[in-house]
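Now for the letters of each chain:
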Amino acid sequence: MADNTATQNPPQMSDELKRELSEITNVQRAAVLMLLLGEDLASNIISYLDPKEVQELGAAMVSVADMSQEAVNWVLDELVDMLKKQAMPEEQKTDATPESLEAMKEKSKPKKKKAALSAEMLSDAKSYDDKLVLVKYLTEKEKGRVVLMVKNMLKGAGAPKKK
């Protein structure tokens with residue numbers, strides 16, 4: 001089974017949630033991401049996977065269908081943490097980088113420009129909805145980062161470690 005991690009200030013977890021999270025594999029984490037992204041964004045990411053990866057991910061998507069909302073929230077937190085670790089250094093940010101989570105939400109509407117997000121901006125996402133917007137925004141604007149993260153998850157790398 002894959003190791004799991006808590007966010008920096010984790011809330012208390014019930015024994016049932018701990019059990020559920022301890023059983024989630026990296027592939028299932030990637031499957032949760034695909035389900036959260038929705039059909040259009042997920043299909044864009046999936047188009048970069050090889051057939052074996054797609055098959056593995058598809059099976060995992062079925063297996064996480066009954067996951068509790070609390071576990072989905074926890075996995076989303078882990079995904080945001082993983083993206084924070086991939087955040088570009090401040091000096092590599094572009095003029096297209098939004099200055100706040102609100103600006104990012106506005107810019108998340110379909111456009112051709114790519115934007116890099118700082119770890120600080122990723123930390124601004126506190127609610128489930130904000131984190132979901134952030135992950136969708138990154139999938140749309142920085143598809144390569146998300147594809148790399150998913151591929152690493154399918155290979156068993158990139159999983160957050162439980163402390």
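Residues numbered from 1 in each chain as written. Predicted model: local features only at pLDDT ≥ 70, side-chain atom pairs only at ≥ 80, totals over all residues. Heavy atoms only, no water.

(A) Quick peek at the overall build of the chain. When helices and strands are tallied, the chain shows nine helices and zero strands. Taken from N to C terminus, the helices and strands of the chain fall in the order α-α-α-α-α-α-α-α-α. Scored against the burial criterion, the 163 residues of the chain give a buried share of 45%. For the chain, the accessible surface area stands at approximately 9100 Å², while carbon and sulfur atoms represent 51% of it. (Helix = DSSP H or I, 4+ residues; strand = E, 2+ residues; numbered from the N terminus. Buried < 20%, exposed > 50% of the residue type's maximum accessible area, 1.4 Å probe, protein only. Areas by Shrake-Rupley, 256 points an atom, 1.4 Å probe, with all protein chains shown as cover.)

(B) Spotlight on the pattern of salt bridges. Counting across every chain of the model gives six salt bridges. Between Glu23 and Arg19 there is a salt bridge, with the nearest N and O atoms lying 3.3 Å from each other. Among the residues examined, Glu23 registers a relative accessible area of 40% and is labelled partly exposed. For Arg19, a relative accessible area of 43% puts it in the partly exposed group. Asp77 is paired through a salt bridge with Lys131; the nearest N and O atoms lie 2.2 Å apart. Here Lys131 lies in helix α8 (residues 128-141) and Asp77 lies in helix α5 (residues 69-86), a separation of 54 residues in the sequence. In this structure Asp77 comes out as buried when scored by relative accessible area, which is 14%. (Salt bridge = Lys/Arg side-chain N within 4 Å of Asp/Glu carboxyl O.)

(C) Main features of the environment of Ala125. Counting through the fold element by element, Ala125 comes out in the loop between α7 (119-123) and α8. Residue classification places Ala125 among the buried positions, given a relative accessible area of 5%. Taking C-alpha positions, Ala125 is 8.6 Å from Val80, a pair spaced 45 residues apart along the chain. Excluding anything up to four places from it in sequence, Ala125 contacts Leu101, Asp130, Lys131 and Leu134. (Contact = heavy atoms within 4.5 Å.)

(D) Fine view of the confidence of the model for the chain. When the pLDDT values of the chain are averaged, the result is 77; 71% of them are 70 or greater. In this model, residues 111-115 is a region of pLDDT below 50 whose contacts with residues beyond four sequence positions or in other chains number 13 contacts. (pLDDT = per-residue confidence, 0-100.)

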